[in-house]
Amino acid sequence: MFRRMSPSACWLCKVFRAEENGFSSKVSLEEVLQWSQSFEKLVTSKYGPVIYKMYLKTEHSDENIEFWLACEAYKKITSQRKRISMARKLFTSYIQPQAPKEINIDSPARKAIIRNIQEPTQSCFEEAQRIIYMHMERDSYPRFLDSKFYQNLKHSLQNNGSNSRVN
């Protein structure tokens, strides 16, 4: 388990309390070590997106992973009615100027979405999603790997044995 953690890292303890967060199992050292192999492994793992989002909150940029994950869910929508509804939510939350969680995308990508939002397709957010993925992969992901709470999590699991899991 964790030893004294700094106040900036104490959120990590809360993340793994199954009763509070709905986690039915625990994060393993193997999973945590895989996160350092590639950004893709982080965002496609079981707990990686949750931990990464918590880290991004400390940087005030959690809208990036939220948008990326929402786009992943959006691409799986088969109903046109549901797709239109979700596209509007994505637009008003992340794309439109002054949106509450406005993401940093270039003007051509934003304009393309504005043109396509009336008849949204499965791929209408792909360019914006790609841009955000690249921002995260190049900017915040390396900082995440160097962060105290990622390092503390990794070291805690290593100190408890390679088969250990954090409660």
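Attention in this report is confined to the structure presented alongside it.

What counts, and where the lines are drawn
- Residues numbered from 1 in each chain as written.
- Predicted model: local features only at pLDDT ≥ 70, side-chain atom pairs only at ≥ 80, totals over all residues.
- Heavy atoms only, no water.
- Helix = DSSP H or I, 4+ residues; strand = E, 2+ residues; numbered from the N terminus.
- Buried < 20%, exposed > 50% of the residue type's maximum accessible area, 1.4 Å probe, protein only.
- Areas by Shrake-Rupley, 256 points an atom, 1.4 Å probe, with all protein chains shown as cover.
- Axes fitted to C-alpha atoms, helices over the stretch in contact; angles between N-to-C directions.
- Parallel < 35°, antiparallel > 145°, perpendicular 65-115°, else oblique.
- Left-handed = near helix turned anticlockwise from the far one by under 90°.
- Contact = heavy atoms within 4.5 Å.
- Lys, Arg positive; Asp, Glu negative; His and termini not counted.
- Salt bridge = Lys/Arg side-chain N within 4 Å of Asp/Glu carboxyl O.
- Phe/Tyr/Trp six-rings, centres within 6.5 Å; stacked < 30°, edge-to-face > 60°.
- Core = buried A, V, L, I, M, F, W, Y, C linked by side-chain atoms within 4.5 Å.
- Arc of directions from axis to C-beta.

Quick notes on the overall build of the protein
Helix and strand counts for the protein come out as 10 helices and zero strands. Element order for the protein, N to C, with α for helix and β for strand: α-α-α-α-α-α-α-α-α-α. A total of 167 residues make up the protein; the buried ones form 44% of that total. When the accessible area of the protein is evaluated, it comes to approximately 9,500 Å², of which 48% is carbon and sulfur surface.

Notes on the packing of helix H6 (residues 63–75) against helix H9 (residues 126–146)
Where H6 contacts H9, the axes come no closer than 9 Å and their chain directions differ by 140°. One finds that H6 runs oblique with respect to H9. Regarding H6 and H9, the two cross each other, and that crossing is left-handed. Here Asn64, Ile65, Phe67, Trp68, Cys71, Glu72 and Lys75 of H6 come into contact with H9, specifically with Glu126, Ala128, Gln129, Ile132, Tyr133 and Met136.

Thoughts on the side chain of Glu63
Tracing the sequence through the fold places Glu63 in helix H6. Salt bridges are absent for the buried Glu63, whose nearest opposite-charge side chain, Lys101, sits at 8.3 Å. Among all residues touching Glu63, those that are not within four sequence positions of it are Tyr94, Lys101, Glu102 and Ile103.

Focus on the packing of aromatic side chains
All told, the structure shown has 13 aromatic pairs when counted by the stated rule. On the numbers, 5.1 Å between centres and 45° between planes, the contact of Phe144 with Tyr150 is tilted. The class for Phe144 is buried, based on a relative accessible area of 0%. Residue classification places Tyr150 among the buried residues on the basis of a relative accessible area of 2%.

Brief notes about the nonpolar core
Trp35, Tyr52, Phe67, Ile95, Ile105, Phe125 and Phe144 are the most contacted members of the largest nonpolar core, which has 43 residues in total. Listed by contribution, the elements that provide at least two residues to this core are helix H3 (29–35), helix H4 (39–44), helix H5 (48–58), H6, helix H7 (80–95), helix H8 (107–116), H9 and helix H10 (148–159). Looking at this core element by element, the count peaks at eight residues for H9. Those residues in contact with Ile95, other than ones at most four positions away along the chain, are Phe67, Leu90, Ile103, Ile105, Arg110, Ile113, Phe125 and Ala128.

Digging into the side chain of Ser147
Residue placement: Ser147 occurs in the loop between H9 and H10. Among the residues examined, Ser147 registers a relative accessible area of 9% and is labelled buried.

Side note on H5
If you check which residues of H5 are buried, you get Gly48, Pro49, Ile51, Tyr52, Tyr55 and Leu56. Seen end-on, H5 carries its buried residues on one side only, within an arc spanning 160°. His60 occupies a position one or two residues after H5 and carries a positive phi of about 60°.

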